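Observations on chain architecture
Chain residues, written in single-letter form:
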Amino acid sequence: MSLPHAILTALLEKPSSGLELTRRFDKSIGYFWSATHQQIYRELGRLEAEGYIRALPSEVPARGQKKAYEVLPAGRAELERWTAAAQDPKPLRDTLLLRLRAAAMVGTAGLQADLRRHLELHERQLAEYLEIEQRDFPPGKDSAQDRLRHLVLRAGIDLETFWTRWLTHALAEVAALPGEGLTDGAASSDGAGTTPPR
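Residues numbered from 1 in each chain as written. Predicted model: local features only at pLDDT ≥ 70, side-chain atom pairs only at ≥ 80, totals over all residues. Heavy atoms only, no water.

Focus on the nonpolar core
What counts, and what does not: By nonpolar core is meant a set of buried Ala, Val, Leu, Ile, Met, Phe, Trp, Tyr and Cys residues that side-chain atoms within 4.5 Å join together. Three labels apply to residues, based on accessible area from a 1.4 Å probe with only protein chains included: buried if under 20% of the type maximum, exposed if over 50%, partly exposed otherwise in between. Elements are defined by DSSP. Helices are runs of H or I of four residues or more, strands are runs of E of two residues or more, and each kind is numbered from the N terminus. In what follows, residue pairs with any heavy atoms lying within 4.5 Å of each other are defined as contacts.
Within the largest apolar cluster, 17 residues are counted, with the highest numbers of intra-cluster contacts made by Ile7, Leu11, Leu21, Phe25, Ile40, Leu44 and Ile53. Ranked by residues supplied to this core, first place goes to helix α1 (residues 2-13) with 6 residues. Those residues in contact with Ile53 that lie beyond four places of it in its chain are Leu8, Leu11, Leu44, Leu47, Glu48, Tyr69, Glu70, Val71 and Leu72.

Details of the packing of α1 against helix α2 (residues 18-27)
Here is the rule we go by: Only the stretch in contact is used when a helix axis is fitted, and all axes are lines through C-alpha atoms; the angle between N-to-C directions ranges over 0 to 180 degrees. With respect to orientation, any angle under 35 degrees is reported as roughly parallel, any angle over 145 as roughly antiparallel, any angle of 65 to 115 as roughly perpendicular, and every other angle as oblique. Ten residues, namely Ala, Val, Leu, Ile, Met, Phe, Trp, Tyr, Cys and Pro, are considered nonpolar, four, namely Asp, Glu, Lys and Arg, are considered charged, and the remaining ones, Gly among them, are considered polar.
Remark: α1 packs on α2, axes separated minimally by 11 Å, with the N-to-C direction vectors making an angle of 105°. With respect to α2, the element α1 is oriented roughly perpendicular. Taken together, the residues of α2 that come into contact with α1 (itself represented by Leu3, Ala6, Ile7, Ala10, Leu11 and Glu13) are Leu21, Arg24 and Phe25. Of the residues assigned to the contact of α1 with α2, the class counts are 7 nonpolar, no polar and 2 charged.

A word on the environment of Pro57
As for its position among the elements, Pro57 is in the loop between β2 (53-55) and β3 (68-71). Through-space distance from the C-alpha of Pro57 to that of Lys67 is 8.2 Å; in sequence the pair is 10 residues apart.

Description of the packing of aromatic side chains
Using the following cut-off: Aromatic contacts are taken between Phe, Tyr and Trp rings whose centres are within 6.5 Å, Trp giving its six-membered ring; a plane angle under 30 degrees counts as stacked, one over 60 as edge-to-face, and the others as tilted. In our convention, an over-ring charge means Lys NZ or Arg CZ found within 6 Å of a ring centre and within 35 degrees of that ring's normal.
Under the counting rule described, the total for this entry stands at 3 aromatic pairs. Summarising the aromatic geometry, the rings of Tyr31 and Tyr129 are spaced 5.3 Å apart at their centres and angled 80° between planes, so their arrangement reads as edge-to-face. With a gap of 98 residues between them, Tyr31 in the loop between α2 and α3 (37-49) and Tyr129 in helix α6 (residues 111-136) connect regions that are remote in the sequence. For the ring pair Phe162 and Trp163, a centre distance of 5.1 Å and an interplane angle of 65° mean the geometry is edge-to-face. On the basis of relative accessible area, Trp163 is assigned to the buried category, the value being 11%. Members of the aromatic cluster, connected to one another through ring pairs, are Phe162, Trp163 and Trp166. If you follow Lys141 out to its NZ or CZ, it ends over the ring of Phe137, 5.8 Å from the centre.

So, α6
As a reminder of what qualifies: Each residue after the first adds 1.5 Å to the expected span of a helix.
For α6, with 26 residues, the first-to-last C-alpha span of 37 Å sits near the 38 Å given by 1.5 Å per residue. All buried positions along α6 are accounted for by Leu111, Asp114, Leu115, His118, Leu119, His122, Leu126, Tyr129, Ile132 and Glu133. Residues of α6 that are buried in the fold lie against α5 (95-106) and α7 (144-175).

What to know about the side chain of Ser17
Here Ser17 shows up in strand β1 (residues 16-17). Ser17 has contacts with Lys66, Lys67, Ala68 and Tyr69, leaving out every residue within four places of it along the chain.

What about the environment of Arg99?
Counting through the fold element by element, Arg99 comes out in helix α5. The sequence separation of Arg99 and Leu111 amounts to 12 residues, and the corresponding C-alpha distance is 8.5 Å. Once residues within four sequence positions are removed from consideration, Arg99 is found in contact with Leu111 and Asp114.

Regarding a nonpolar patch on the surface
Heads up, the condition is: For patches, a residue must show more than 30% relative accessible area and have no salt bridge; joins then use 9 Å for like charges and 5 Å for nonpolar side chains, namely Val, Leu, Ile, Met, Phe, Trp and Tyr. Each accessible area value is a Shrake-Rupley result obtained with a 1.4 Å probe; residue values ignore everything except the protein chains displayed when judging cover. Criterion for a salt bridge: a side-chain nitrogen of Lys or Arg within 4 Å of a carboxyl oxygen of Asp or Glu.
A cluster of nonpolar side chains, Phe32, Trp33 and Val152, forms an exposed patch at the surface whose accessible area comes to about 310 Å². Among the structural elements, Phe32 can be located in the loop between α2 and α3.

Observations regarding α1
The end-to-end C-alpha separation of α1 is 17 Å, in line with the 16 Å expected for 12 residues at 1.5 Å each. The buried count for α1 comes to 9 of 12 residues, which makes it a mostly enclosed element. Taken together, the buried positions of α1 are occupied by Ser2, Leu3, Pro4, His5, Ala6, Ile7, Leu8, Ala10 and Leu11. Looking at the packing, one finds that the buried side of α1 touches β1, α2, α3, β2, β3 and α4 (73-84).

Here you go:
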């Protein structure tokens, strides 16, 4: 149910056409709630059918013109209801952590290169978030809306900071392991102490 609420949020911030909305997703909301262009267009149709949004009347109707959408009172009420509702955190599901657990049984061949690749990706994303923070949230920009948006960005910065630190540590740990010693006797392990964090 979160994609329609992401779209309602974006349209409340600024009425937009489907194309404008997909571009805004690519540059902002998509950092923490991704969606394909097809999913966004499909959801716009559903939201309009449910009476949550409407296409703005065009001053000069033209064939093939992009429709711009705005949120109706029912859509705002739905977003208010959803925002106030309690939601449980999602359990962590990360294939990299699962692969590290599997490596304890079969060895770490090829794992270091992929850990380095992950580190580079997270370092790039962190740099991008820090650039956005510097550009969009200068000192003194502290309205309630700006502070909440900055809080979302800070979550991304803190998460990427965690991953870059953890991956740096993981690379050092894997590099310090004895050759192929991991596979020797690994099958006899009972797994104690190797449960990944939840």
